[in-house]
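# Chain and residue survey
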Amino acid sequence: PADRERLWEAKDPLRLENPWHWCAEEFRAKGLVVIDHFFSLEGLAELWTYALEAPCFRSLRPGYLGAFPADGCVHPIIRRVAESLE
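Residues numbered from 1 in each chain as written. Predicted model: local features only at pLDDT ≥ 70, side-chain atom pairs only at ≥ 80, totals over all residues. Heavy atoms only, no water.

## Describing the packing of aromatic side chains
Inclusion rule: Two rings from Phe, Tyr or Trp (for Trp, the six-membered ring) form a pair when their centres are within 6.5 Å of each other. A pair whose planes differ by under 30 degrees is stacked, one over 60 is edge-to-face, and the rest are tilted. Note on conventions: DSSP H or I runs of at least 4 residues are helices, E runs of at least 2 residues are strands, and numbering of each starts at the N terminus. Per-residue accessibility, obtained with a 1.4 Å probe over protein chains only, is compared with the maximum for each type, and a residue is labelled buried under 20%, exposed over 50%, and partly exposed between these values. Working rule: Lys NZ or Arg CZ, within 6 Å of ring centre, within 35 degrees of ring normal, means a charge sits over the ring.
Per the counting criterion, the structure on display carries 3 aromatic pairs. Geometrically, the ring pair formed by Trp20 and Phe38 is edge-to-face, given 5.7 Å between the ring centres and 80° between the ring planes. In this pair, Trp20 is assigned in helix H2 (residues 20-30) and Phe38 in the loop between H2 and helix H3 (41-53), connecting sequence segments 18 residues apart. Assessed through its relative accessible area of 23%, Trp20 is described here as partly exposed. Within the aromatic cluster, the residues linked to one another by ring pairs are Trp20, Phe38 and Phe39. For the cation-ring pair, Lys11 lies above Trp8, with the distance from its terminal atom to the ring centre recorded as 4.8 Å.

Shown next as structure tokens:
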């Protein structure tokens, strides 16, 4: 999986067809925006595989399962999403 994760260090996991300019304007105007099809199909598939394989999902709350960087949840897609949205 580490080799597979490294492939995402330079790829954009977001769906390029989304109207990102509109999303940014909507967020600035309303403070909230709902984005369907946020991830590319390839990015979504990689995140799903990661979620199934990674041992970092261990923080339990009623109805929720969480993962944090301190638990090892540091897939490059997560960083790339933050960089893409800046």
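Now that the structure has been shown, the text picks up again.
## A word on the state of the cysteines
Worth spelling out the cut-off: To count as a disulfide, a pair of cysteine sulfur atoms needs to be within 2.5 Å.
Tallied over the entire structure, the rule returns 0 disulfides. With no disulfide partner, Cys56 has as its closest neighbouring cysteine sulfur the one in Cys73, 3.8 Å distant.

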